[in-house]
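# Notes for the structure review
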Amino acid sequence: MKKTTIVLLATLCALSAQAVEVAGGTGGESKRAIIPKDAWQDIVLAPRTDNPSGLAYFNANGATVKSLTTTATPNAWNVAFTMTIDTRATGSDAVDALVNNGGAMVWNFSSKYTLKIENTAGTESTANVKLGNFTAMTNGSSENGTIDIATKANVSGTSFKTQTGALTLKISNNANVDWTVSNSEFGNRSILQIDKGATLKAQNAVFNFGGSTQNIAGTFEYVSTQSRNLTLNNATITGKLITNIANTQGQGNAQVIFTGTDNVIRDGGQVDSIGALRLNNGSKLTIESTAGTINLKKIKDNTIQYYGRILFGGGGELVLNKKDAFVTDNTLGLCQLTVVGGTNANTLRLNADNKFEQLYFQEVSILNIVLGDGVKMNIDNIAGVATNATLFIENFAEDRVFFNKNDWFADDKFDISVSDGSKTYTKDQLKLVAVEGGYGNYALTVVPEPAEYAAILGAIAIAFALKRRCSKK
């Protein structure tokens, strides 16, 4: 009896260790094939028996499985609802968690479900996630779903796409994820979320965030040897953004491009980037006083050295609430402001004292600088190849705008004017005055008008007359 029991148990264990094959259903929730829910097993999604070349439908059924794979044919799979893939791997070797065998898989979250990949054994093993062509979707635009990678993983594939509803790709649980999917597209309202302590490293992976958002509380490391710039949209950085983009397209092209009006770096958020942070038309980036280090490194294009810089692409806005917000490896260790963009005015709002390496104008370009109350600004020099550049400073007051060099001031291609809130002064009404012990070497001041000279002389004369009268007494 005992021997029989042992044999039966051994047989059952052997059967449970084998992969369970599930043939696809014919579509519609009631006709989907049901993935076994209770047993922790390797699940193989097989073609439909009635139509092996047709789309195969499955109901994930809230199951927790060991792995999920598809057979080589057909190449189209539709899986719905919630599933947990828990590898429970106890070694340090890589194990397969989700393998789509190069096919096209749609995961239909329908409402607010989750596909989670984890390892509750808590070891250092790496989960292999081979997406093929993977689409995450919902049936309606008001629905949402989450793909949660909560374990160390290598994620590869041809494409990753979200569409229809609000889909979140989340890296959680201190996971380190290497992402080498060739092309990733996030539809409107979708979210890339990297939790605190987690890391997403993307190697030569193209991201198109469209109207989606990015919440970077952990580390997002973006590496491109093919000069593919990184474009973020309405990104919140409280963790760390690291970029290393090869300069193969010329003109110092290595850029993190911000779109949308709600990009913010705060609460210790850091940036370590080679090249430029670029603000395109209508985009806004705010660096709060609580932000960490923003380190912009210079890059070389043949014999030309491009400074670590902010690149205003026309109609962009930068708000600095942090004092001396940037550090660089530039000549003076300060950030350069480079202005392009034709007739679309760019805006720099300074709500804290800041120093800059240079203000460089390209093409026909416009920069409006808005000074906060009592804020001081220092720019080492103004230069550029622009034939006509416009600089306008709002909320201007004397001894608050400084330059370390003055050879540019007589250059007619720079059209400079300031406003003190009640009156606007043109360049011929301004002058540079050397100062000692100030924020910089030269202070931009207003030249008194003739009437003001007369008033000053009159005041001096009255004071002198009063002094004489007092002395006679």
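What you see is a predicted model; the values in this text were computed from it and never measured.

It is worth spelling out the pattern of salt bridges at this point. On inspection of all chains with the given rule, the structure shows nine salt bridges. Notably, a salt bridge pairs Asp 50 with Arg 48, separated by 3.1 Å at the nearest N-O pair. By relative accessible area, which is 12% here, Arg 48 ends up buried. One salt bridge connects Asp 272 with Lys 297, and the closest N-O pair in it is separated by 3.0 Å.

Here we take up the environment of Gly 62. Position of Gly 62 relative to the elements: it lies in the loop between strand S4 (56-59) and strand S5 (63-65). Along the chain, Gly 62 and Thr 84 lie 22 residues apart, while their C-alpha atoms are 7.3 Å from each other.

This part takes up the nonpolar core. One finds Trp 179, Phe 220 and Phe 326 to be the most contacted residues of the largest nonpolar core, which totals 110 residues. Apart from residues lying up to four places away in sequence, Phe 220 is in contact with Leu 192, Ile 194, Leu 200, Ala 202, Phe 207, Leu 230, Leu 232, Lys 240, Leu 241 and Ile 242.

Okay, the pairing of strand S11 (residues 112-118) next. Note that strand S8 (residues 83-86) and S11 share four bridges and pair parallel. By the bridge assignment, Asp 86 is partnered in S11 with Glu 118. Where S11 and strand S14 (residues 144-149) come together, six bridges link them in parallel fashion. Residue Ile 117 lies in a different strand from S14, and its bridge partner there is Ile 149.

With that settled, the discussion passes to the confidence of the model for the protein chain. Residues at a pLDDT of 70 or more form 89% of the protein chain, whose mean pLDDT is 89. For the stretch residues 1-16, pLDDT sits under 50, and the model shows one contact to residues farther than four places along the chain or on other chains.

The next point concerns the environment of Val 385. Positionally, Val 385 belongs in the loop between strand S44 (382-384) and strand S45 (389-394). Taking the relative accessible area as the measure of exposure, Val 385 reaches 57% and is therefore exposed. With 21 residues separating them in the primary sequence, Val 385 and Val 364 have C-alpha atoms 9.1 Å apart. Once residues within four sequence positions are removed from consideration, Val 385 is found in contact with Tyr 360, Phe 361, Gln 362, Glu 363 and Lys 413.

Now for the pairing of strand S24 (residues 219-224). Bridging between strand S21 (residues 199-203) and S24 involves five bridges; their strand directions are parallel. Bridge pairing in S24 links Ala 202 to Tyr 222. The pairing of S24 with strand S27 (residues 240-245) spans six bridges and is parallel. Its bridge partner being in S27, Tyr 222 is matched across the sheet by Thr 243.

Quick look at the packing of aromatic side chains now. On inspection of all chains with the given rule, the structure shows twelve aromatic pairs. Summarising the aromatic geometry, the rings of Phe 361 and Phe 414 are spaced 6.0 Å apart at their centres and angled 45° between planes, so their arrangement reads as tilted. Within this pair, whereas Phe 361 is found in strand S41 (residues 354-361), its partner Phe 414 is found in strand S47 (residues 414-419), the two being separated by 53 residues in sequence. For the pair shown, Phe 361 and Phe 414 are each scored as buried. Taken together, the aromatic side chains of Phe 134, Phe 160, Trp 179, Phe 186, Phe 207, Phe 209, Phe 220 and Tyr 222 make up a single cluster linked through ring pairs.

It is worth spelling out the sheet that holds strand S7 (residues 76-80) at this point. As summarised here, the arrangement of the eight strands in space is S2-S4-S7-S10-S13-S16-S19-S22, forming an open sheet in which the pairing is parallel. Since the sheet does not close on itself, it has two edges, and those belong to strand S2 (33-34) and strand S22 (206-208), each with one partner. Bridge count for strand S19 (residues 183-185) against S22 is three bridges, and the pairing is parallel. Paired with Asn 183 across the two strands is Val 206, which belongs to S22.

Cut-offs and rules
- Residues numbered from 1 in each chain as written.
- Predicted model: local features only at pLDDT ≥ 70, side-chain atom pairs only at ≥ 80, totals over all residues.
- Heavy atoms only, no water.
- Salt bridge = Lys/Arg side-chain N within 4 Å of Asp/Glu carboxyl O.
- Buried < 20%, exposed > 50% of the residue type's maximum accessible area, 1.4 Å probe, protein only.
- Helix = DSSP H or I, 4+ residues; strand = E, 2+ residues; numbered from the N terminus.
- Core = buried A, V, L, I, M, F, W, Y, C linked by side-chain atoms within 4.5 Å.
- Contact = heavy atoms within 4.5 Å.
- Pairing = 2+ DSSP bridges.
- pLDDT = per-residue confidence, 0-100.
- Phe/Tyr/Trp six-rings, centres within 6.5 Å; stacked < 30°, edge-to-face > 60°.

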